[in-house]
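# Examination of the molecular architecture
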Amino acid sequence: DWEVFLIALLSVDFSLSLADHLEDIWLAVIVTTRSLNFQEFKRALENANPGSIILLHACAHNPTGVDPTQEQWREIVAVFKERRLVPYFGSAYQSFATGDLYRDAYPIRLFLAEGLQMVVAQSLAKNFGLYGERT
């Protein structure tokens, strides 16, 4: 899935650089407890440069399966608005987190309702059992 995100960004006039706070973002997910260190995650977003494009998984985060709560998503959207960040949602596991297509799309609907322009990459390969058919 990561290749799809990069191809989409590189197909337009866009320069790519790794975020200065990439390590902070990875530290935010604590795999051993399967929980999100939300304060670290939020701090990393607050330190991102205005206009940065931030890749987010809408649900069933790969590879951890750890997702923010709806309350945490509301805090995240507030940081995006304040810092003028651009959300780039990947949604390849919709319905895998809760079993509900509508509920798993909550973050995307929230960001839309808050008036943020965003990029959304939707894949249904896993939902339709086509993942092994990719080339």
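These numbers come from a predicted model, not from an experiment.

Moving on: the overall build of the chain. Scanning the chain for helices and strands turns up 6 helices and 5 strands. In the chain, the succession of helices and strands from N to C terminus is α-α-β-β-α-β-α-β-α-α-β. Across the 135 residues of the chain, 35% fall into the buried class. For the chain, contacts bridging at least 24 residues in sequence account for 73% of all contacts bridging at least 6.

One open sheet accounts for 3 strands, arranged E3-E4-E5; its pairing is parallel. In this open sheet, the two strands that pair with only one neighbour each are strand E3 (53-57) and strand E5 (119-122). Along the sheet, successive strands turn relative to each other by an average axial angle of 20°, direction set aside. Pairing of E3 with strand E4 (residues 86-91), which is carried by 5 bridges, proceeds in the parallel orientation. Residue pairing for E4: Ile54 is matched across the bridge by Pro87.

What counts as what
Residues numbered from 1 in each chain as written. Predicted model: local features only at pLDDT ≥ 70, side-chain atom pairs only at ≥ 80, totals over all residues. Heavy atoms only, no water. Helix = DSSP H or I, 4+ residues; strand = E, 2+ residues; numbered from the N terminus. Buried < 20%, exposed > 50% of the residue type's maximum accessible area, 1.4 Å probe, protein only. Contact = heavy atoms within 4.5 Å. Pairing = 2+ DSSP bridges. Axes fitted to C-alpha atoms, helices over the stretch in contact; angles between N-to-C directions.

Keep in mind that these numbers describe shape and distance, not what the molecule does.
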